[in-house]
Protein chains: 2
Amino acid sequence: MRTRLRGALIGCGYFGQIQLEAWRRIPEVEIVAACDLDLEKARRAAPSAYQSAEEMLEKERLNFVDIATRADSHLRLVELAARHGLAVICQKPMANTWDEAVAMVHTAERAGIRLMIHENWRWQPWYREAKRLIDAGEIGQPISYLFRTRQKDGAGPQPYPQQPYFVQMPRLLIYETLVHHLDTARFLFGEIELIYARARKVNPIIAGEDQASLVLVHAGGVQGVIDGHRFSEVFPSGPAMGEAIFEGDRAVISVRGTGDVYLDGTLVWENRVRQGYRGDSVWATQRHFVECLLSGAPFETDAREYLKTFAATEAAYESVRTGCSVSPRNWWEAVVK
Amino acid sequence: MRTRLRGALIGCGYFGQIQLEAWRRIPEVEIVAACDLDLEKARRAAPSAYQSAEEMLEKERLNFVDIATRADSHLRLVELAARHGLAVICQKPMANTWDEAVAMVHTAERAGIRLMIHENWRWQPWYREAKRLIDAGEIGQPISYLFRTRQKDGAGPQPYPQQPYFVQMPRLLIYETLVHHLDTARFLFGEIELIYARARKVNPIIAGEDQASLVLVHAGGVQGVIDGHRFSEVFPSGPAMGEAIFEGDRAVISVRGTGDVYLDGTLVWENRVRQGYRGDSVWATQRHFVECLLSGAPFETDAREYLKTFAATEAAYESVRTGCSVSPRNWWEAVVK
């Protein structure tokens, strides 16, 4: 039996736990160590527990680290992994700022380590199925799309009970949530050429925005809308955190809140995935990371490539600021070859 | 028995026929004359038939005229009706240009005639029901809305078989179709403060645009999206020509393509209207006109008031041109008191 990849988890919070559960179902991987400021959380996560990532990387013999902390620590932790020559899978949002995101890419490339952004949305199986149908020509020429993303956890004096630090984030909905849909839109329809975004704060107690409406134009001409807030649910509700519609000149794909996929109103893919996160997309993301590590194949969301998604969030905020549509290329074209 | 209002129909084309059918079901009205360049069409419409509106208004004793011609003739016909002191109900689009629309209002006011724009969308009974629910507080504080408007008549070498002149119109989807949704959005959520529009031509043989995505911000803060094209239908399809969702912080109203209205997923108003146009909204619009003529009450879509809707289409095209969001107030604030 071949040796398993030895991984370490940095950050054992809400989402770290979800990732850990998925690692445990990937036989090629063993999470041998974990660190968290709360040592108890780290102890529950892995055989070796640390409060300091520096100490963990000094002491452990590892193949990769999984960075599941908040964005403001990502550059520092990638630098640390680079010094140890370790591959990295790093949670989104990629970084706090564009410059930090670019520095992460350069740091990894200079050190020759592989760096993938943990973007699970495009791995939700209903979007994989939609992609397969679109590529097979089932809807004809794509014309339009709509993502309506909803969750009902944004209201009242204590919103976002799962991630209460959301309340303080100066950028919230686009940066933290709609970035998933921007990436999935790129996955399905290619590069975003132009983006308009309007955002506002509905719940007055938060720092950032909790409603946003985006209009997007893709390189091939497809024009779509991403429409999000966190004050209601869609009907029927379910793991898709909203619903999506992909329209062509011949047919229409609908992804319902349940994750079921319809083609012109006929059920063509039923979501039977009951374990894991949102169609087990975290597991699929991590499997992809492992497969690419073992095979040498490129990551779909290699950090350099993912700069295009991060650029879309930067363009969206610039659009909110100016009231005009903005091209994400203004950010990534100079950096991404 | 009181005397019936004597009306004349100007323009007996596709939509004139729909209006005529509705007039026949309004007992307070008698359409005594009609005119059309095609005299045969006028003959089928009314006892007295003309090719010339001028001649008709000279010869007939009338209380009002119903202008169901294309927009480029509206100002001239309102001027004609004004000379004869007749009340007018006039089809949308109101006019070809903003200046013409304003001139129509001034012409009517100087002559002391009443002028209502025939905007039937806000009279579709599912939107009346939605308005009733919203005003009753059923969804709480309104946050967001979405109109997805669809029809499947835009494709191929001979699109828009009902109205083939659409092919030549320099402004199509926003000007001709989404103007309904802009007006309905005003009806439901108050004045539009800001509008962003992105539009494109999908079918290369037409002159104007056949896809558009609009983001709207209303005076009270509500932020909505109007998303339209004419290359597919919604499921289930039906008289609503798409679907709509109105969300508040407590509940969500959905209007399905069938016209049925749901509150948080529960059917609360079933569309049983089978006669007339789209929930018999043309009939309801014309009834409103007649009731206001008889009572002296203001029209909901009095021409001066409707300038706010027309301004929203002007703002949308200015936004398409500039790539930036635009306030409709730039047009109407100087004109509408």
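Draft legend 1. Summary view of unusual backbone geometry. Look at the link from Lys92(A) to Pro93(A): it is a cis peptide, with omega at -10°. Note that Pro93(A) resides in the loop between β5 (87-91) and α5 (98-111). In this structure, Met241(A) is a non-glycine residue whose phi angle is positive, near 50°. In this fold, Met241(A) is placed in the loop between β10 (223-229) and β11 (242-248). A relative accessible area of 7% places Met241(A) in the buried class. The backbone phi angle of Arg278(B) is positive, close to 45°, even though this residue is not glycine. Along the chain, Arg278(B) falls in the loop between β14 (266-269) and α8 (281-295). Look at Arg278(B) and you get buried, because its relative accessible area is 15%.

Draft legend 2. Structural context of the pattern of salt bridges. Tallied over the full model, the rule gives 61 salt bridges over all chains. A salt bridge links Lys92(B) to Glu176(B), with the nearest nitrogen and oxygen atoms 3.3 Å apart. With Lys92(B) in the loop between β5 (87-91) and α5 (98-111) and Glu176(B) in helix α7 (residues 173-189), this residue pair connects regions lying 84 residues apart in the sequence. The pair formed by Lys92(B) and Glu176(B) is uniform in burial state, with each residue classed as buried. Salt bridges linked by common partners bring Arg122(A), Arg128(A), Asp183(A), Arg186(A), Glu191(A), Glu300(A), Glu305(A) and Lys308(A) together as one network.

Draft legend 3. Region of interest: the relation of the copies chain A and chain B. Mapping chain A onto chain B calls for a rotation angle of 180° and an axial translation of 0.0 Å; the resulting RMSD is 0.0 Å. Given the turn and translation reported, the copies of this chain are related as if by a two-fold rotation axis. Within chain A, Cys324(A) has its C-alpha nearest the rotation axis, a separation of 1.9 Å. A high fraction, 100%, of the interface residues of chain A reappear at the interface in chain B, so the copies pair face to face through one surface.

Draft legend 4. Geometry of the environment of Gln158(B). All names here are of chain B. As for its position among the elements, glutamine 158 is in the loop between β7 (142-150) and α7. Look at glutamine 158 and you get exposed, because its relative accessible area is 70%. Sequence separation between glutamine 158 and isoleucine 205 is 47 residues; the distance between their C-alpha atoms is 8.8 Å.

Draft legend 5. Highlighting the domain arrangement of chain A. Residues and elements named next belong to chain A. Structurally, chain A comprises domain 1 (5-118) and domain 2 (122-271 + 310-322). Contact residues are listed per partner, giving 11 residues for domain 1 and 10 residues for domain 2. Each partner contributes to the roughly 980 Å² buried at the junction of domain 1 and domain 2, and carbon and sulfur atoms together form 65% of this total. Interface area lost by domain 1 to domain 2 is led by Tyr14, Lys92 and Trp98, which between them contribute 52%.

Draft legend 6. Structural detail: the state of the cysteines. By the definition in use, this model includes 1 disulfide over all chains. Here Cys324(A) connects covalently by a disulfide to Cys324(B), the sulfurs 1.7 Å from one another. With the S-S bond torsion at 100°, the cross-link from Cys324(A) to Cys324(B) turns out right-handed. Pair noted here: Cys324(A) is in the loop between α9 (303-322) and α10 (329-332) and Cys324(B) is in the loop between α9 (303-322) and α10 (329-332), and the two residues belong to different chains. As far as burial versus exposure is concerned, Cys324(A) and Cys324(B) are alike and both buried. With no disulfide of its own, Cys292(B) lies closest to Cys90(B) among cysteine sulfurs, the gap being 17 Å.

Draft legend 7. Quick look at the sheet that holds strand β3 (residues 48-50) of chain B. All names here are of chain B. Spatially, the 6 strands line up as an open sheet ordered β3-β2-β1-β4-β5-β6, and their pairing is parallel. The open sheet has two edge strands, β3 and β6 (115-118), and neither has a second partner. Between one strand axis and the next, the sheet turns through 25° on average, direction left out of account. Against the sheet, α8 makes contact with β1 (5-10), β2 (29-35), β4 (64-67), β5 and β6, and its axis sits at roughly 170° relative to β6, the strand it touches most.

Draft legend 8. The arrangement of the pairing of strand β7 (residues 142-150) of chain A in detail. Residue and element names in this part refer to chain A. In terms of burial, β7 is a largely internal element, 9 of the 9 residues being buried. Inspection of the sheet shows β7 paired to β11 by 7 bridges, in the antiparallel sense. Its bridge partner being in β11, proline 142 is matched across the sheet by glycine 248. Here 7 bridges tie β7 to β10, and the two strands are oriented parallel to one another. When the sheet's bridge partners are listed, tyrosine 145 is paired in β10 with glycine 224.

Analysis parameters
- Residue positions are given per chain, counting from 1 as you read along its sequence in written order.
- Here the convention is simple: chains get letters from A, ligands get numbers from 1, in the order in which they are written.
- The predicted nature of this model means local features are confined to residues of pLDDT at least 70 and side-chain atom pairs, given and counted, to a pLDDT of 80 or more, with totals for whole chains, interfaces and linings taken over all residues.
- Only heavy atoms go into the side-chain values, all of them from the structure, while hydrogens and water stay out.
- Where helices and strands are cited, they refer to DSSP runs of H or I of at least four residues and of E of at least two residues respectively, numbered from the N terminus.
- Per-residue accessibility, obtained with a 1.4 Å probe over protein chains only, is compared with the maximum for each type, and a residue is labelled buried under 20%, exposed over 50%, and partly exposed between these values.
- By salt bridge we mean one thing: a side-chain nitrogen of Lys or Arg within 4 Å of a carboxyl oxygen of Asp or Glu.
- We superpose the copies by least squares over the C-alpha atoms of residues that have a pLDDT of at least 70 in both of them.
- In this description, contact between two residues means that some pair of their heavy atoms is separated by no more than 4.5 Å.
- Each domain's extent was defined by an automatic or database domain assignment.
- Throughout, buried area stands for the accessible area (probe radius 1.4 Å) lost by two parts on being put together, summed over both.
- Note that a disulfide, as used here, is simply two cysteine sulfur atoms within 2.5 Å.
- At least two bridges found by DSSP between two strands are what make those strands a pair.
- Each axis is a line fitted through C-alpha atoms, and for a helix only the stretch in contact is used; angles between axes span 0 to 180 degrees, taken between their N-to-C directions.

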